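Structural features, examined
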Amino acid sequence: MLRHLPGLLLLLWQLLLLPPPAVPGPLDRPGFLKLGTRGPGGSPGRRPAPAAPTGTPYSGAGQHGGARGAGVCKSMPLDLVFIIDSSRSVRPLEFTKVKTFVSRVIDTLDIGPADTRVAVVNYASTVKIEFHLQTHSDKQSLKQAVAQITPLSTGTMSGLAIQTAMDEAFTVEAGARGPASNIPKVAIIVTDGRPQDQVNEVAARAQASGIELYAVGVDRADMESLRMMASEPLDEHVFYVETYGVIEKLSSRFQETFCALDPCALGTHQCQHVCVSDGEGKHHCECSQGYSLNADKKTCSVINKCALNTHGCEHICVNDRTGSYHCECYEGYTLNEDRKTCSAQDQCALGTHDCQHICVNDRAGSHHCECYEGYTLNEDKKTCSVHNQCALGSHGCQHICVNDGAASYHCDCYTGYTLNEDKKTCSAIAEARRLISTEDACACGATLAFQDKVSSYLQRLNTKLDDILEKLQANEYGQIHR
């Protein structure tokens, strides 16, 4: 049983990417780790997994090598170039594994013109740029392009491949973003052999130009060459797997390497209202409508409860100084007992209309003023002025009232009558003449006799009018009871 232990541990290590505890090899040298992590120093390194916030479920944040929870890890924008070895030593099935590895890394990234852009440089004894950074802007087309890549030929010109990537792939013309954008430039070189050209000088130039190099060695890859190509620190930029069969599992490690934790998704932001992700693990807090951000940049205070549209006022919401509010109604309405809804009020009945004569209610809780007959409404739409005093019935004319306009009038008499000196009453013309001819108009006796006769005539006239009125009423009564 014990003699089979080394082989069993080696098999488990290949499956789990754990170092073989009992089988020493080139990976035991100082300055090298099978699966590197990234740290500080301006490169896109993997950040330590945070503790899950109390009461907030968080899946995968603390699992070493595992994919982070959906929405928690957002990849930072990169200009990423894969430099893949397709020499004859890489068999067709193994090259397919390399392409699967590239596609899985792409799956973990946010791809787009404003996010990560990807290019692929294929090399053997020659170098071919399969597509540039600006060629594809979505994952589907990227992965389709990767799937169509074919191996080249013999030879392993790793130095030439790095130089080509630096000169042709990482250029603004090819889709790389300029220095002002602060977008990291990253290259991942995958090889299984020893370079047939010089790599240390060209790798140093690439790093000096701002390119961060990760080296992935497979099977027979030369460890010293991997160290020459990779950026410092080496234990964070050099990866190694025994076979192409497990290379695709490295994609989760690169996901962590290029991951920017999203505090908004983690629930660790401490924003009282709204957390806004700014990318690259940064965020800021905002407040809901009607609130303002306090000086601590996290909590919020009410600035306008009416603006929240939760006040329930049917008509008008009025903010109070204390941060509260009260409801009011439009003109012509009164606030109901619930202090929120309104009912149309009868201002005419309330006596608050200010109309001088007549108040008329309208439907929408409003009203308008009108005037009595003989009056007209003034410009203030409330007071009235006399238009026809004859129509008022207060003129005092015995027979006829004649309107003179401008609120004036005079009295007139029926035919056969003449207007008396009071300008209001009337006397029969024939009787007046007879009295004047038979009596001394200047004597007091004549004047008294004239007055007595006029009174007598008026009494007889009134008596006749009463008789006529009784007959008319009797006639009308008889017609009704027939």
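These numbers come from a predicted model, not from an experiment. (Residues numbered from 1 in each chain as written. Predicted model: local features only at pLDDT ≥ 70, side-chain atom pairs only at ≥ 80, totals over all residues. Heavy atoms only, no water.)

**A closer look at the state of the cysteines**
What counts here: When two cysteine sulfur atoms lie within 2.5 Å, the pair is treated as a disulfide. Per the convention used, a helix needs a DSSP run of H or I reaching at least four residues, while a strand needs a run of E reaching at least two, with both numbered from the N terminus.
Counted by the stated rule, this structure contains 12 disulfides. Residue Cys287 pairs covalently with Cys300 via a disulfide, S to S 2.0 Å. Taking the sign of the S-S torsion, -90 degrees for the link of Cys287 and Cys300, the bridge is left-handed. With Cys287 in the loop between strand S10 (282–286) and strand S11 (291–293) and Cys300 in strand S12 (residues 300–302), the pair connects residues that are 13 residues apart, well separated along the chain.

**As for the sheet that holds strand S4 (residues 127–131)**
For clarity, the threshold we go by: Between any two strands, at least two bridges found by DSSP are needed for them to pair. Between N-to-C directions, angles span 0 to 180 degrees; the directions come from axes that are lines fitted to C-alpha atoms, helices contributing only their stretch in contact. Two residues qualify as a contact provided that any one of their heavy atoms is within 4.5 Å of a heavy atom in the partner residue.
Here we have 6 strands laid out as an open sheet, ordered S4-S3-S2-S5-S6-S7, and mixed in their pairing. The sheet terminates laterally at S4 and strand S7 (238–241), the two strands that pair on one side only. With direction set aside, neighbouring strand axes in the sheet form an average angle of 20 degrees. Of the pairings in the sheet, the one linking strand S5 (residues 185–191) to strand S6 (residues 211–218) comprises 7 bridges and is parallel in character. What sits directly across from Thr191, in S6, is Gly217. Together, strand S2 (79–85), strand S3 (117–123) and S5 form the strand contacts of helix H2 (residues 92–107), whose direction differs from that of S2 by roughly 170 degrees.

**Considerations on the packing of helix H4 (residues 158–169) against helix H5 (residues 200–208)**
Heads up, the condition is: When describing relative orientation, an angle under 35 degrees is termed roughly parallel and one over 145 degrees roughly antiparallel, while 65 to 115 degrees is termed roughly perpendicular and anything else oblique. The sense of a crossing depends on the near helix, which, turned anticlockwise from the far helix by less than a right angle, makes the crossing left-handed and, turned clockwise, makes it right-handed. For this classification, Asp, Glu, Lys and Arg are treated as charged, while Ala, Val, Leu, Ile, Met, Phe, Trp, Tyr, Cys and Pro are nonpolar and the rest, including Gly, are polar.
One can describe the packing of H4 onto H5 by two numbers: an axis separation of 9 Å at closest approach and a directional angle of 20 degrees. Comparing their axes, H5 and H4 come out roughly parallel. Considering how the two elements wind past one another, H4 and H5 form a crossing that is left-handed. Contacts from Gly159, Ile162, Gln163 and Met166 in H4 reach Val202, Arg205 and Ala206 in H5. For the contact of H4 with H5, the class distribution of residues is 4 nonpolar, 2 polar and 1 charged.

**Quick word on H5**
Side chains that are three or four residues apart share a direction in an α-helix, a result of its 3.6 residues per turn. For clarity, the threshold we go by: The rule is simple: take the accessible area with a 1.4 Å probe, protein chains only, and divide by the maximum for that residue type; under 20% is buried, over 50% is exposed, in between is partly exposed. In this description, one arc is meant: the one made by directions from the helix axis to the C-beta atoms.
Inspection of H5 places Val202, Ala203 and Ala206 among the buried residues, and these make up the whole buried set. The buried side chains of H5 occupy one side of the element, clustering within an arc of 100 degrees when seen end-on. Opposite its buried face, H5 presents the exposed residues Glu201 and Ala208, each directed more than 90 degrees away. Those residues of H5 that are buried are in contact with H4, S6 and helix H6 (223–229).

**Quick look at the confidence of the model for the protein chain**
Cut-off, in case you're wondering: pLDDT measures the predictor's confidence residue by residue and takes values from 0 up to 100.
Looking at the protein chain as a whole, the pLDDT averages 78, with 76% of positions reaching at least 70. Scored below 50 in pLDDT, residues 1–71 shows 123 contacts in the model against residues more than four places distant or in partner chains.

**Things to note about the packing of aromatic side chains**
Note the following rule: Only rings of Phe, Tyr and Trp enter the pairing, Trp through its six-membered ring, and a pair is recorded when the two centres are within 6.5 Å. The plane angle decides the type: under 30 degrees is stacked, over 60 is edge-to-face, the rest tilted.
Applying the stated criterion to the full structure yields 7 aromatic pairs. Considering the side-chain rings of Tyr214 and Phe239, the 6.3 Å spacing of their centres and the 40 degrees angle between planes classify their relative orientation as tilted. With a gap of 25 residues between them, Tyr214 in strand S6 and Phe239 in strand S7 connect regions that are remote in the sequence. As far as burial versus exposure is concerned, Tyr214 and Phe239 are alike and both buried. On the numbers, 5.7 Å between centres and 40 degrees between planes, the contact of Phe254 with Phe258 is tilted. For Phe254, a relative accessible area of 0% corresponds to the buried category. Exposure remark for Phe258: the relative accessible area of 0% places this residue in the buried category. Put simply, the rings of Phe82, Phe101, Tyr214, Phe239, Phe254 and Phe258 pair up and form one aromatic cluster.

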